Amino acid sequence: MTEIEKAGLGSVTPVIPAKPRNTDPVPTSQLDVNISVTDLYTIGIGPSSSHTVGPMRAAKRFVDHLIAVEAFDNTARVLVELYGSLALTGHGHGTDIAILSGLSGERPSLIDPEAIAPLVDKIRTENLLNLGGRKNIPFFEDENLLFLKDEMLPEHSNGMRFCAYTSDGDLLVEKDYFSVGGGYVVSHNEGDRAETKGHNIKMPHPFTSAAELLAVGKETGLSIAEIMRQNETTWRSDDETNEFLDSVSQAMLACIRRGCEAEGILPGGLNVKRRAGALFKELMANPERASRDPLTVLDWVNLYALAVNEENAAGSRVVTAPTNGAAGVIPAVLKYYERFCPGSNEEGIRNFLLTAAAIGSIYKKRASISAAEVGCQGEVGVACSMAAGALAAVLGGTNEQVENAAEIGMEHNLGLTCDPIGGLVQIPCIERNTMGAMKAINAARLALSGDGTHVVSLDEVIETMRQTGIDMLSKYKETSQGGLAVNVVEC
């Protein structure tokens, strides 16, 4: 038996608005949109859902759009302009690599992470882009992929503009896309923030707030996980939902295992050393440590979160949950439940993910899960809230205790900024996931020690988070223009 098996791991630059060419509104909240569990968890690649996964999807969608409007054959040149947060931190987040991959026809859910570097190197060496994997066109990165750091599209801080031209230089197609969080991409006149097809159909238990969710539970006697599961039948059978949930949990655990085995320096230039491998070896070498220090279990939770977020920073395969920057929180708490909580089982893991998704969907509908919109409170804060509620649920909590746990998880992340050093999802992001996981566990324990009654509701804390995000200076919202990003001297 391997060690892995033994461990049970099977001064701020102003941002000037760009002159828009299309000012149709892009939605910031979608109370009328049904959100599936498949919209909260997606298996993709690191390091960022908004800056890597979203741009790759947008680039692929643009190519598909060219084909749909019969402009692909006449396309001889493509120009991509990145604005706002995407321009300011895009290189650190791998946005350039994502765009090149997407224009080549690749999808984040299917691309082999090991194949990305050779693909991008070939484009850069030959100055040729195999558009959609179907035909070569000239592509000079400094001319065809522009990071407009002093401009921003008015609709959203993660804006992208794609243009296709003929060989004579005539504009064929122009399209704007916005990466609104969790890897989701919208364009003008696209009134949804979910990618599940048929999302506006009638569901058996619709809810747009925590209050409505609790009311459904009281009326039906169903748990939050059961409410979410019955809603999922709108799209697929129970067996298919279980298959999806199992694939998500397995991908999360696989990511933890890989992170525990990996060593070395993370890419990007900060020379951040991976720590999960060393911590794993230390814990495995001292099994008696837990008998002397009852807090050793927290070291394991730290390990799980570190492992996932180091894998994310390396551009490996991760589960967006609900974002990549916060990808370690839910897997760490889920693994804590599986390994350290008596009575954990397969159905409990599924209910954990369903409950967390129900909570996450309310944030997505009523506020944001994008750090570029609301800071890291919308990423690690939301993941903490989701994990706290989910853990309370599988430990036997009532719906009211679950809602209380989710509220506690966010209340103590309010105002959390996003100020990544060097635009990389490393400092403070990796450690921040360990703290988010710890807060989630404590929030669940606090909620379970009460009867579910509390002063601040989950809906109120979500609205507070939204308002705080609006008031937060842009330099603290994934621009690397403030906070740690400017106060840490890089050696």
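Residues numbered from 1 in each chain as written. Predicted model: local features only at pLDDT ≥ 70, side-chain atom pairs only at ≥ 80, totals over all residues. Heavy atoms only, no water.

Side note on the overall build of the protein chain
Across its full length, the protein chain holds 21 helices and 11 strands. Taking 23 Å as the expected radius of gyration for a compact globule of 491 residues, we find that the protein chain reaches 22 Å, a close match to that expectation. Along the first, second and third principal axes, the C-alpha set of the protein chain runs to 70 × 50 × 45 Å. Scored against the burial criterion, the 491 residues of the protein chain give a buried share of 59%. Working note: accessible area of the protein chain is about 19200 Å², and carbon and sulfur atoms make up 51% of it. Computing the positive centroid from 42 side-chain charges and the negative centroid from 63, the protein chain places the two 2 Å apart. (Helix = DSSP H or I, 4+ residues; strand = E, 2+ residues; numbered from the N terminus. Rg over C-alpha atoms; globule rule 2.2 N^0.38 Å. Buried < 20%, exposed > 50% of the residue type's maximum accessible area, 1.4 Å probe, protein only. Areas by Shrake-Rupley, 256 points an atom, 1.4 Å probe, with all protein chains shown as cover. Lys, Arg positive; Asp, Glu negative; His and termini not counted. Charge placed at Lys NZ, Arg CZ, Asp CG, Glu CD.)

Focus: the sheet that holds strand E10 (residues 184-187)
What the five strands build is an open sheet, ordered E6-E3-E8-E9-E10; its pairing is mixed. If you trace the sheet from one side to the other, it starts and ends with strand E6 (145-148) and E10, each paired once. Between one strand and the next, the sheet's axes are offset by a mean angle of 25 degrees, whatever the strand orientation. Bridge count between strand E9 (residues 171-181) and E10: four bridges; the pairing is antiparallel. Within E10, the position partnered with Phe178 by the bridge is Val186. With respect to the sheet, helix H5 (residues 95-103) is in contact with strand E3 (77-83), E6 and strand E8 (159-165), its orientation differing from that of E3 by roughly 145 degrees. (Pairing = 2+ DSSP bridges. Axes fitted to C-alpha atoms, helices over the stretch in contact; angles between N-to-C directions. Contact = heavy atoms within 4.5 Å.)

A word on the environment of Asn413
Here Asn413 lies in the loop between helix H18 (399-411) and helix H19 (429-448). Given a relative accessible area of 4%, Asn413 falls into the buried group.

Some details on the confidence of the model for the protein chain
Per-residue confidence for the protein chain averages 91 on the pLDDT scale, and 90% of its residues sit at or above 70. Every residue in residues 11-29 is under pLDDT 50, and counting partners more than four places away or in other chains gives 48 contacts. (pLDDT = per-residue confidence, 0-100.)

A closer look at the nonpolar core
In terms of nonpolar packing, the biggest core is built from 96 residues, with Tyr41, Ile330 and Tyr363 touching the most fellow members. By residue number, the principal contributor to this core is helix H17 (residues 380-394), which donates 11 residues. Membership of the second largest hydrophobic core comes to 34 residues, among which are Ile45, Val80, Leu103 and Ile116. (Core = buried A, V, L, I, M, F, W, Y, C linked by side-chain atoms within 4.5 Å.)

Topic: unusual backbone geometry
Across the junction of Ala321 and Pro322, the peptide omega takes the value -5 degrees, indicating a cis bond. Looking at where Pro322 falls in the secondary structure, it is placed in the loop between strand E11 (317-320) and helix H14 (329-340). The peptide bond linking Ile427 to Pro428 adopts the cis configuration, its omega dihedral lying at 10 degrees. Inspection of the secondary structure puts Pro428 in the loop between H18 and H19. At Asn271, a residue that is not glycine, the phi angle is positive and equals roughly 60 degrees. Relative to the assigned elements, Asn271 resides in the loop between helix H10 (238-261) and helix H11 (276-285). Residue Asn271 is classed as exposed on the basis of its relative accessible area of 57%. In this structure, Ser480 is a non-glycine residue whose phi angle is positive, near 60 degrees. Taking relative accessible area as the criterion, Ser480 reaches 18% and is therefore assigned buried.

Considerations on helix H3 (residues 49-68)
Along H3, 15 of the 20 residues are buried, which leaves the element largely enclosed by surrounding structure. Glu70 occupies a position one or two residues after H3 and carries a positive phi of about 60 degrees.

Describing the pattern of salt bridges
Inspection of every chain in the model, using the stated rule, returns 20 salt bridges. Between Asp238 and Arg229 there is a salt bridge, with its nearest N and O atoms 3.7 Å apart. What makes Asp238 partly exposed here is its relative accessible area of 37%. Here Arg274 and Glu311 are joined by a salt bridge, their closest N and O atoms 2.9 Å apart. Of this pair, Arg274 sits in the loop between H10 and H11 while Glu311 sits in helix H13 (residues 296-313), and the two are 37 residues apart along the sequence. Looking at Glu311, the relative accessible area reads 5%, which means it is buried. Counted as one network, the salt bridges with shared partners bring together Arg229, Asp238, Asp246, Glu346, Glu347 and Arg350. (Salt bridge = Lys/Arg side-chain N within 4 Å of Asp/Glu carboxyl O.)

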